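Summary of the model geometry
Given next are the chains, with one letter for each unit.
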Amino acid sequence: MKALSRRGLGSVLGLVRRYPVTGVVVLLVLVTSVIGIVVRVEHRMHGAPQLGPLGIFAASTGVVALLTTIAGVVVLVGASERLMGAWRTAVAFVVTTVVGTGLGALSAFVDLDGRNAGALVLGRATAFDPWTAVVGTIVTASAFAGPLWRRRIRVDAVAVVAALFLYAGHASDLYAVLAAGAGWLLGEVLRDTPKRTGWTRSSHRETRVLLGTVVLVSAIGPVIALVSRARVGILAPIAAVVGASPVQPVAGCHADGVAGQCLKGLLDYRATDPWTLLLAVPPLLVLAVGGLGLFRGSRFAVWLVVVADVVTAIAAAVTYGAVPGRVQRIHGGEDQFVVTLSIIASVLVPLATATVLVLLRRSFTVVPSRRRVVRFAGIVALAVGVVVTVLLVVADASPTRVSDPLRLLVAALGPIAPITVIEHLTTLDPALRVSLGLAGPLLWLVVAIAAIGPTGAARADADSEEVRHDRDRARALLIAGGGDTFGWMTTWQGNAYWFAEDGRAGVAYRRNGTVAVTVGGPFGYPDARPDALVAFARHCDDNGWTPVFYGVDAEVAGTLTAVGWRTLPVAQDADFDPRTWTTSGKRKQDVRTAVNKARRDGLTATWSSWQDLPPATIRQIEAISEEWVAERELPEMGFTLGGVDEMRDPAVRTLVAQDAEGTVLAVTSWLPSFREGRVVGWTLDVMRRTDAAPNGVMEFLVASAADQMRADGVERLSLSAAPLAQAPGAESEPGQDLLDLVGGVLEPVYGFRSLLRFKLKFGPDLHALALAFPDPVALPAIGIAVVRAYLPDLSLRHAVALARGRG
């Protein structure tokens, strides 16, 4: 037992030596907090014969706050110390605290109320909140993190402190906001390495996470305002918008308009009991469901949140519409600007959130089935009908007659109902008032529950059922009959599907305008593929589309050429037989050198499915991928180029390079090729590495993959096709200028031609892949469709950046 205690103490001391600043801060927080708790308990004990429940609660609350603060210090300050070292962490802790608390103390001049300015400022300047220092320190440390975590830390930290400041507005919330800003600037000063200016680009996944976080914060914010004791946040007026009802009216609001006393009641409105809070939550649940849907990439969630935010903005505008000109009647002239600004912000912030979502809606690609949308609309319509019917029946039976039924129905809308309408109805029969007060929250609750399905808030895959069914059919055909180089890429999101009448072959494609660009050739049983070429072309012609077979091999290209189609080379597929491949020979000297060096350095290569990877490895892979995307100003490409989402497929394999400490240095993913239900080949897809990875790590991974496939008896290792790139010496064909131009523009940013040169190191066999099309006149539209397939989110700004060769 003693030996165990000594080992535990030794571990603690080791951590303190490794993170000395964190240890000192934990000790300071622990000592000062314990002293504070003891003083409060002693004060209550001397003030009463017994400690009593109130004193016990105060003590327990203090203990919970202490434990939470210590956990925050250990996790956040400890992470900061790991990122930027001890002395920078100490500097950040002190500087951000001084700046945040010092500048925040000047807010005393805003609300002196006859008190001594010097004493008030001094009191606030010497008030220490450890969370102010913790926030400032972690934001400072974000400058030393990679692009992904730098953005996540800053956005999440700013979102949390801004929510508290905007909705509650305590002095400590202001200190935290100022400390975060100071930490942001201090981090840039302390970081002595070259910095990339401007905002780093997010991948679709990261955009979804960030916007989903913002929406969830906006859903929690009004709850903070409703329960806060000091409601001075600039967005605090929203609390009354979602909280007031005929059951819980606002004192002083009368039907003759928004008077000064009504404004005072609105600005001071807060939840005084659980019932009030419970009635206010349903509208915010809609935002919460929408925020979770945004994490899933749901386009339906985008429009759900947009509608909810617009409704909230309209509700705030209607409720406070007559307020600005009457502010001085209750607060004095000096407060008029602040209150007016607060009310305007309560209208504009939800509108701004809705606008950003609309502008970035293309990052949300998952569209629910029409059946789910119709079901949602039907449930909501039915709920509205039931609520309206119940209200009319209750109103008809009420001894108090309702002179204006329309006012009754408007009040049933809940948060959007003007406060004067609600107050007018507080004189009604109690049964009608309760029915009316429950109507709005119940409607919003139904909307929130009904939206769970189409937003995908409760499931990882929110694809439409039709698309999932077609994708499952495609997978079954690929496993049974096989496909070409792009075969498994046909199972990716974003593809539409056509299947032959007998179901033995299919084609995956993406349509832009009137051009349908296929993902390779037909897949399925080999004897059914030639007929599928003609049948798919006829299907496109029947729909007024131009069919384009992208990335087809020589056999498919020859079949189409025989019936009058034209072809252009668009890629070079590189492959070899791993059963006979070795690193010997002069051409593979670079590969041989890289493999030998990696083995000497203790690097390992782990072949696994995504599901079998340890969680720590998965987090590192996600960070590497996001940082790779963040380093580019242009959108993440798709179509035949995969990412982390595609790596999650259980049929796909990852090959991860790690050092002796388990740090992920690089990762590749491999797509399966089937024949008669058996894997006969693997195709390289994702290639990502960290900046710290040694040279040759990718060569090491490909060589390790060849060893693994040789052991498994696999017949073919494909290094995949490098899009819009040709091997040196390849002949140029007439009409290829357009695609050469596209490839040349994309090369400085995405490096397809450099990628082909890398693949040539392995001495592979090269196979030209072609783009086949029926009409040369359509080439300009085809070129645009191919670019749109790879870059569906390409904007005018991105196009200009491409033209300039920026990356």
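What counts as what
- Residues numbered from 1 in each chain as written.
- Predicted model: local features only at pLDDT ≥ 70, side-chain atom pairs only at ≥ 80, totals over all residues.
- Heavy atoms only, no water.
- Axes fitted to C-alpha atoms, helices over the stretch in contact; angles between N-to-C directions.
- Helix = DSSP H or I, 4+ residues; strand = E, 2+ residues; numbered from the N terminus.
- Parallel < 35°, antiparallel > 145°, perpendicular 65-115°, else oblique.
- Left-handed = near helix turned anticlockwise from the far one by under 90°.
- Contact = heavy atoms within 4.5 Å.
- Phe/Tyr/Trp six-rings, centres within 6.5 Å; stacked < 30°, edge-to-face > 60°.
- Buried < 20%, exposed > 50% of the residue type's maximum accessible area, 1.4 Å probe, protein only.
- Lys NZ or Arg CZ within 6 Å of the ring centre and 35° of its normal.
- Expected span 1.5 Å × (residues − 1).
- Salt bridge = Lys/Arg side-chain N within 4 Å of Asp/Glu carboxyl O.
- Pairing = 2+ DSSP bridges.
- pLDDT = per-residue confidence, 0-100.

Considering the packing of helix H6 (residues 130–141) against helix H8 (residues 171–190)
At a minimum axis distance of 7 Å, the contact between H6 and H8 shows a crossing angle of 25°. Taken together, the axes of H6 and H8 lie roughly parallel to each other. You can see that H6 and H8 cross each other, and the crossing is right-handed. In this structure, H6 uses Thr 132, Val 135, Gly 136, Val 139 and Thr 140 to contact H8, whose residues at the interface are Ser 172, Tyr 175, Ala 176, Ala 179, Ala 180, Gly 183, Trp 184, Leu 186, Gly 187 and Leu 190.

Brief notes about the packing of aromatic side chains
In the structure shown here, the tally under the stated rule is 15 aromatic pairs. When the centroid spacing of 6.5 Å and the interplanar angle of 85° are considered together, the rings of Phe 499 and Phe 523 count as edge-to-face. Residue Phe 499 is found in strand E1 (residues 496–499), and its partner Phe 523 is found in strand E4 (residues 523–524); the two are separated by 24 residues along the sequence. Neither residue differs from the other here; Phe 499 and Phe 523 are each classed as buried. Feature note: the residues Trp 498, Tyr 509, Phe 536, Trp 545, Phe 549 and Trp 565 constitute an aromatic cluster, connected by ring pairs. Sitting above the plane of the Phe 499 ring, Arg 473 keeps its charged end 3.9 Å from the centroid.

A word on H8
For an α-helix the count is 3.6 residues per turn, leaving residues at separations of three or four pointing the same way. Along its 20 residues, H8 runs 28 Å from first to last C-alpha, staying within 8% of the 28 Å computed at 1.5 Å per residue. For H8, the full list of buried residues reads Asp 173, Leu 174, Tyr 175, Ala 176, Ala 179, Ala 180, Ala 182, Gly 183, Leu 186, Gly 187 and Leu 190.

Describing the pattern of salt bridges
In a structure, side chains of opposite charge can pair up when their charged atoms sit close to one another. The final tally for this structure, using the stated rule, is 13 salt bridges. Here Asp 707 ties to Arg 710 by a salt bridge, and the two come within 2.9 Å at their closest N and O atoms. Linking Asp 707 with Arg 710, this pair stays in helix H26 (residues 697–712), spanning three residues, or about one helical turn. Exposure remark for Arg 710: the relative accessible area of 31% places this residue in the partly exposed category. Residues joined by salt bridges that share partners form a network here, namely Asp 573, Asp 575 and Arg 716.

Some words on the pairing of strand E5 (residues 546–552)
The element E5 is largely enclosed, with a buried count of seven among its seven residues. As paired strands, strand E3 (residues 515–518) and E5 are joined by three bridges and run parallel to one another. What sits directly across from Val 517, in E5, is Val 548. Pairing of E5 with strand E12 (residues 765–773), which is carried by three bridges, proceeds in the antiparallel orientation. Within E12, the residue paired with Phe 549 across the bridge is Ala 772.

Regarding helix H29 (residues 779–790)
Spanning twelve residues, H29 covers 17 Å between terminal C-alpha atoms, matching the ideal 16 Å at 1.5 Å per step. Among all positions of H29, only Leu 779, Ile 782, Gly 783, Ala 785, Val 786, Val 787, Ala 789 and Tyr 790 are buried.

Describing the confidence of the model for the protein
Chain-level pLDDT for the protein is 77 on average; 70% of the residues reach the 70-or-more range. Considering only residues more than four positions removed or in separate chains, one finds that residues 48–61, a stretch of pLDDT under 50, has eleven contacts. Low pLDDT, under 50, characterises residues 322–334; the predicted model gives this stretch 23 contacts beyond four residues in sequence or across chains.

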